[in-house]
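Commentary on secondary and tertiary structure
Here is what each chain is made of, one letter per residue.
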Amino acid sequence: MSGRVLIIDANVDRRSRVKALLMRDYFSVTAVSECADINLIVARFPPDVVLLAHSAAQNSGFSQIEQIRATLHMPHIPVMLMYDTKSAQVWADCARHLADEALDLGAPDWQIVSRLSQVIRMKEKLDSVFDRQSALDSFGFAEDGLSYPPMRPRALTLDMTDAGFSAQNAAALKTQLKRDFPMVEFVQNQSADITIVSEAALGRNSALRRIAGLHRDRRRDRAMVGPVIMGVNRIANPETTHRMLELGADDVISGDFEIAEIAPRLRRLGWSRHFAQATEAATSNNLQAALRDPLTGLHNRRYALNYLKGLMAKQSFNQHVTVMMADLDNFKGVNDRYGHGVGDMVLREAADRICAVLRGSDLVARIGGEEFLVVVGDADTLTATMIAERIRQAIADKPFGQSDGLAIEVSISVGVTHRPLSGSDHQPDALMQEADRALYVAKDSGRNQVQFSPDQLH
């Protein structure tokens, strides 16, 4: 995963070395020696992560972190303190000044790149939460107390069953977490905010199986942000780290680590979960009736248009938005043959199947009788094609109503448009019309297929 990285470091050799490393892996990098007003740079170059030299942060009294946390629209940008020489002071400063973690520049290149990719992925999940909150605000449903970092959440539960921590290390971790979560609690084999899974405790295959099972349970529940999964890969094997992430871990800590190193990561994971839960509760409390479809539980057309409008307003550099119109084929025949009660069951199950194959940051809404709108943020054409095809397969590959003794064959046609956010003059309605025209092509070409807007190659 690439992303936008801002490096702040007065040491020109180190700054150039880190920039070269990241650009080799296709990160977009801006590097500066100092920054009196970080908000000015953030406005011109919205980063996914800020790499701040520990020495530069000390010299400024950590003012850059304070400035980022005070911004209105991007207080969740992760800040990582870079260091060459390992020191307990670095991690103490992370905890004290609300940096997200420290980045050891002496680590192997793959570990540095992997760590940045993980941090950016977590930040993108928070982006989607902020987008949802903006949609709330646009309807006049702004909630007091929805801020990041959250207003001192007191409680945090961690399932330590498979963490592999000694009693001494667990006690030390609890002590550190209590500074930010006074009511932190460690549990065994219980539902928790964060579950830690270690390959050292379970063995590699069992740890991967456990992570996959936790992720499957989370997707089945269809919560906007479910329980958080942290993987521990003490052997620092890149294949194991990548596999944990592929199977659903939100974060993976690799290699030997001190308790002081894991605490800031858990703090950010805890903050993210609390913030997402608060936003989800606000959405549920204020907009359940107005902005959700009562049959499927999906968002409706009104919410989706505002969400898409907010996404288009970002005008982010080198990012795209994908809009899909998906329509169940010959659905009238289902109602005519089986009745509207069975038709409603098919619609609910279709909504569940579509949700199951989307990413957590994607949006699906029911906008008509058997028509769905899917909005995919920041995906290339190949990814957009894969997601559209997964939607088609999810509907067509398995009959509906099997739990009721039925076997109803249903298919879906999907029309797709894929446009850049930056410099685009397209409005949400226009994008939906483009996707709708592609949908008509799919229908006219025999149904049960994916078609892009005619002017787009795929």
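We now turn to the structure provided with this report. Here the structure is a predicted model, which means the values were calculated and not measured.

Time to look at the sheet that holds strand β10 (residues 251-254). Sheet architecture is open: 5 strands sit in the order β7-β6-β8-β9-β10, paired in parallel fashion. The open sheet has two edge strands with one neighbour each: β7 (183-187) and β10. Adjacent strand axes in the sheet meet at a mean angle of 20°, parallel and antiparallel pairs treated alike. Bridge analysis of strand β9 (residues 228-233) against β10 gives 4 bridges, and the strand direction is parallel. Opposite Gly 231, over in β10, you have Val 252 as the bridge partner. Contacts from helix α7 (residues 167-177) reach β6 (155-162) and β7, with the element oriented near 155° to β7. Against the sheet, helix α10 (residues 238-246) makes contact with β8 (194-198), β9 and β10, and its axis sits at roughly 170° relative to β9, the strand it touches most.

Okay, unusual backbone geometry next. Here Tyr 26, not a glycine, exhibits a phi torsion of approximately 70°, which is positive. Looking at the secondary structure, you find Tyr 26 in the loop between α1 (12-24) and β2 (28-32). Exposure remark for Tyr 26: the relative accessible area of 69% places this residue in the exposed category. Even without being a glycine, Asn 448 presents a positive backbone phi close to 55°. Mapped onto the elements, Asn 448 comes out in the loop between α16 (428-444) and β15 (450-452). By relative accessible area, Asn 448 is classed as partly exposed at 31%.

By the criterion of burial, strand β4 (residues 79-83) is predominantly enclosed, with 5 of the 5 residues buried. The alternating pattern of β4 places Val 79, Leu 81 and Tyr 83 on one face and Met 80 and Met 82 on the opposite face, and all of these are buried. Bridging between strand β3 (residues 49-53) and β4 involves 4 bridges; their strand directions are parallel. Paired with Val 50 across the strands is Val 79, a residue of β4. Two strands pair when backbone bridges link them, and β4 and strand β5 (residues 101-104) are joined in this way by 4 bridges, in the parallel orientation. Note that in β5 the partner of Met 80 across the bridge is Glu 101. Following the chain from β4 across helix α5 (residues 88-97) to the adjacent parallel β5, one finds a crossover that is right-handed.

A word on the packing of helix α14 (residues 340-357) against helix α15 (residues 381-396). Packing of α14 against α15 brings their axes to within 9 Å, and their N-to-C directions diverge by 140°. Our pair here, α14 against α15, has a crossing hand that is right-handed. Contacts from Ala 350, Arg 353, Ile 354 and Val 357 in α14 reach Arg 390, Ile 391, Ala 394 and Ile 395 in α15. Across the contact of α14 with α15, the residue classes break down as 6 nonpolar, no polar and 2 charged.

Conventions used here
In every chain, residue numbers begin from 1 and rise along the written sequence. The predicted nature of this model means local features are confined to residues of pLDDT at least 70 and side-chain atom pairs, given and counted, to a pLDDT of 80 or more, with totals for whole chains, interfaces and linings taken over all residues. Water and hydrogen atoms play no part in the side-chain values, which are based on all heavy atoms of the structure. Only strands joined by at least two bridges in the DSSP assignment are considered to pair. Secondary structure elements are defined from DSSP: runs of H or I of at least 4 residues count as helices, runs of E of at least 2 residues count as strands, and each element is numbered from the N terminus. Every angle, taken between N-to-C directions, lies between 0 and 180 degrees, and every axis is a line fitted to C-alpha atoms, over only the stretch in contact when it is a helix. Any two residues whose heavy atoms approach within 4.5 Å are treated as being in contact. To sort residues, take the accessible area from a 1.4 Å probe on protein chains only and compare it with the maximum for the residue type: under 20% means buried, over 50% means exposed, and anything in between is partly exposed. For crossovers, right-handed means that the path from the first strand over the helix to the second runs clockwise, given strands pointing away from the viewer. Handedness of each helix crossing follows the sense of rotation of the near helix against the far helix: counterclockwise by less than a right angle gives left-handed, clockwise gives right-handed. In the scheme used here, Gly and all other residues not listed as nonpolar or charged are polar, with Ala, Val, Leu, Ile, Met, Phe, Trp, Tyr, Cys and Pro taken as nonpolar and Asp, Glu, Lys and Arg as charged.

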